[in-house]
Amino acid sequence: MKPSIESKLAQLSARLEELNALLSSEDATRDMDSYRQLTKEHADITPVVELYQQYLKCEQDIESALELAGDPEMKELAEAEIAVGRENLQELETQLQRHLLPKDPNDEKNIFLEIRAGTGGDESALFAGDLFRMYSRFAERQRWDVDVVSQSLSELGGYKEIIAKITGSGAYSKLKFESGGHRVQRVPETEAQGRIHTSACTVAIMPEADAVEDVELNPADLRIDTFRASGAGGQHVNKTDSAVRVTHLPSGIVVECQDDRSQHKNKAQALSILAARIKDRQIREQQAEEAATRKTMIGSGDRSERIRTYNFPQGRVTDHRINLTLYKLPQVMEGDLDELIEALVGEHQAEQLASLAEEAALS
């Protein structure tokens, strides 16, 4: 193990002892904000320190086995223990390196999920509905809340576009690799000849922006228009200009919200989505710069990039970025995304580790 990593792990071990003392003191809960910060730090550090303790014990076991190897009667047994120990040591070191990788500052944030129908007409809109249901089911499994912010319904069902806010711990960390083009291959219900059609949707996963820290919206850069809401909603939508359209003049980004009867609430939602879109653009520009110097395995996050295909006749889903194919499409469409997400996160971490190794070799 590199001395720099070992030093960091020793520091974390000492910090955990310090946190244990602080949290067990009589005054620990006097300041609840401080107490919550300390408990969160404790929860973050504990798994790493426990792994490090396993690593140290494994080192000790190998040393003991090396001493035994000098005894002719124990040599064979000791060599077997050494081989297993070194294999375990390598695995523990890899796990520790992953725990110490730089954290994405947005990982714990809530997200805005945007799904837009693309090529394929009505079938694409139906697929957008299927994707929204898939993500909603996954969110339910995580005990996250899903609130529809804006939707444009298709005549035959599904959505031309739908925006939802997903609130829950680690929402961005688990869904951030879902941005991009999603393609479906299946026989539409309206297809009389039984021919397979290909349709597509784009998905955008945007971390909720902190209005103060992340994105500063200058009122001079905004044009805010009000208008009467359209679509279902009873008589009310015909009487008041409750719908809001916000245009960010420097970027040309336009956001409309008309799902709430309150103009004030629609405006607040529109500004929140606008801030998230601006932040998302900043993130993608940064990713593009990084990708220019180093190609990433997970992809650039470009909305036009085809990332996944859902083939219904064959019951398979393929993620093209990591060449992973699963023959469990029905389960995936019911929100069973864990295997896909874990593979994407693992590949991303492997790429980060490779990048760190390259940097270490050059320094």
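No experiment lies behind these values; they were computed from the predicted model shown.

Novice: I keep staring at the nonpolar core and nothing clicks. Help me out?
Specialist: Burial of nonpolar side chains together is a common tendency in soluble globular proteins. By size, the foremost hydrophobic cluster in this structure holds 33 residues, and its most contacted members are Ile 115, Leu 131, Tyr 135, Leu 175 and Tyr 310. For this core, the secondary-structure elements that each account for two or more residues are strand S1 (111-117), helix H4 (121-141), strand S3 (159-167), helix H5 (171-175), strand S5 (197-207), helix H7 (329-333) and helix H8 (338-362). The greatest single-element share of this core, amounting to eight residues, is contributed by H4. Look past the residues within four positions of Tyr 135 in its chain and what remains in contact with it is Leu 113, Ile 115, Leu 175, Glu 178, His 182, Val 203, Arg 308 and Leu 337.

Novice: Is there a simple way to explain the sheet that holds strand S6 (residues 222-227) in this structure?
Specialist: Picture the strands of a sheet paired through backbone hydrogen bonds; they go either parallel or antiparallel. Taken in spatial order, the three strands line up as S6-S7-S8 in an open sheet, and their pairing is antiparallel. Strands at the two margins of the open sheet, each flanked by one partner only, are S6 and strand S8 (253-257). Adjacent strand axes in the sheet meet at a mean angle of 15°, parallel and antiparallel pairs treated alike. Strand direction decides the pairing type here: S6 and strand S7 (residues 243-248), joined by six bridges, are antiparallel. Among the inter-strand pairings, Leu 222 is bridged to a residue of S7, identified as His 248.

Novice: Quick question: what am I supposed to make of the side chain of Gln 185 here?
Specialist: Its place among the elements puts Gln 185 in strand S4 (residues 180-186). Given the relative accessible area of 16%, Gln 185 is considered buried. If we skip the residues at most four places from it in the chain, Gln 185 touches Ile 196, His 197, Thr 198, Thr 309, Tyr 310, Asn 311, Phe 312, Pro 313 and Arg 316.

Novice: Could you clarify how one ought to interpret the pairing of S4 in this entry?
Specialist: Every regular strand shows the same layout, with side chains that alternate between the two sheet faces. S4 sits mainly inside the fold: six of its seven residues count as buried. Strand direction decides the pairing type here: S4 and S5, joined by seven bridges, are antiparallel. Paired with Gly 181 across the bridge in S5 is Thr 202. In the sheet, S4 pairs with strand S9 (residues 306-311) via five bridges, with the strands oriented parallel. If you follow His 182 over to S9, its bridge partner there is Arg 308.

Novice: Quick question: what am I supposed to make of the sheet that holds strand S2 (residues 145-153) here?
Specialist: Within the open sheet, the eight strands sit side by side as S2-S3-S1-S5-S4-S9-S10-S11. Their pairing is mixed. The sheet terminates laterally at S2 and strand S11 (324-326), the two strands that pair on one side only. Recorded for the sheet is a direction-independent mean angle of 15° between the axes of neighbouring strands. Sheet strands in contact with H4 are S1, S2, S3, S4, S5 and S9, and its direction is about 110° off that of S4.

Thresholds applied
Residues numbered from 1 in each chain as written. Predicted model: local features only at pLDDT ≥ 70, side-chain atom pairs only at ≥ 80, totals over all residues. Heavy atoms only, no water. Core = buried A, V, L, I, M, F, W, Y, C linked by side-chain atoms within 4.5 Å. Buried < 20%, exposed > 50% of the residue type's maximum accessible area, 1.4 Å probe, protein only. Helix = DSSP H or I, 4+ residues; strand = E, 2+ residues; numbered from the N terminus. Contact = heavy atoms within 4.5 Å. Pairing = 2+ DSSP bridges. Axes fitted to C-alpha atoms, helices over the stretch in contact; angles between N-to-C directions.

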